[in-house]
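# Observations on the model geometry
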Amino acid sequence: MSEPVEIRDDRMDSEVGAPLVHAQWSELLARYGVPDADPDDLQADHLAPPHGVFVVAWVDGIAVGCGGIRRYDENIGEIKRMYVAPDLR
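So, here's what we can say about the structure. Just so you know, these numbers come straight off a predicted model, no measurement behind them.

What follows deals with the packing of aromatic side chains. Scanning all chains against the criterion turns up zero aromatic pairs. Here the basic side chain of Arg-8 rests over the ring of Trp-58, its NZ or CZ set 4.2 Å away from the ring centre.

On the surface, Ile-69, Ile-79 and Met-82 cluster together into a nonpolar patch covering about 320 Å² of accessible area. With respect to the element layout, Met-82 can be found in strand E4 (residues 77–84).

What follows covers the pattern of salt bridges. Between side chains of opposite charge, a pair can form when the charged atoms approach closely. For the coordinates displayed, the defined rule picks out seven salt bridges. Here Glu-74 and Arg-71 are joined by a salt bridge, their closest N and O atoms 2.3 Å apart. By sharing partners, the salt bridges in this structure join Arg-11, Asp-13 and Asp-45 into a single network.

Analysis parameters
Residues numbered from 1 in each chain as written. Predicted model: local features only at pLDDT ≥ 70, side-chain atom pairs only at ≥ 80, totals over all residues. Heavy atoms only, no water. Phe/Tyr/Trp six-rings, centres within 6.5 Å; stacked < 30°, edge-to-face > 60°. Lys NZ or Arg CZ within 6 Å of the ring centre and 35° of its normal. Patch = residues over 30% accessible without salt bridge, like charges linked within 9 Å, V, L, I, M, F, W, Y side chains within 5 Å. Areas by Shrake-Rupley, 256 points an atom, 1.4 Å probe, with all protein chains shown as cover. Salt bridge = Lys/Arg side-chain N within 4 Å of Asp/Glu carboxyl O. Helix = DSSP H or I, 4+ residues; strand = E, 2+ residues; numbered from the N terminus.

In structure tokens, the structure reads:
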């Protein structure tokens, strides 16, 4: 049986969020041989209200994943920074 996952609002540049984002960048570099290619220069405020949202997934009190949605207008958003620790996928 899998453990319950708790989703909490956070920030991409927080003490909890930043290491998860860096782990994602490291994985992309190892997998594709290039650093994270972000042509729109994503900043933490782009994934914070009212422009978007950034959340962290927790299992047993440990931050194990993250993700965000960047809002472009009333009807359009983009999923950003989706990551889950490899051992929990």
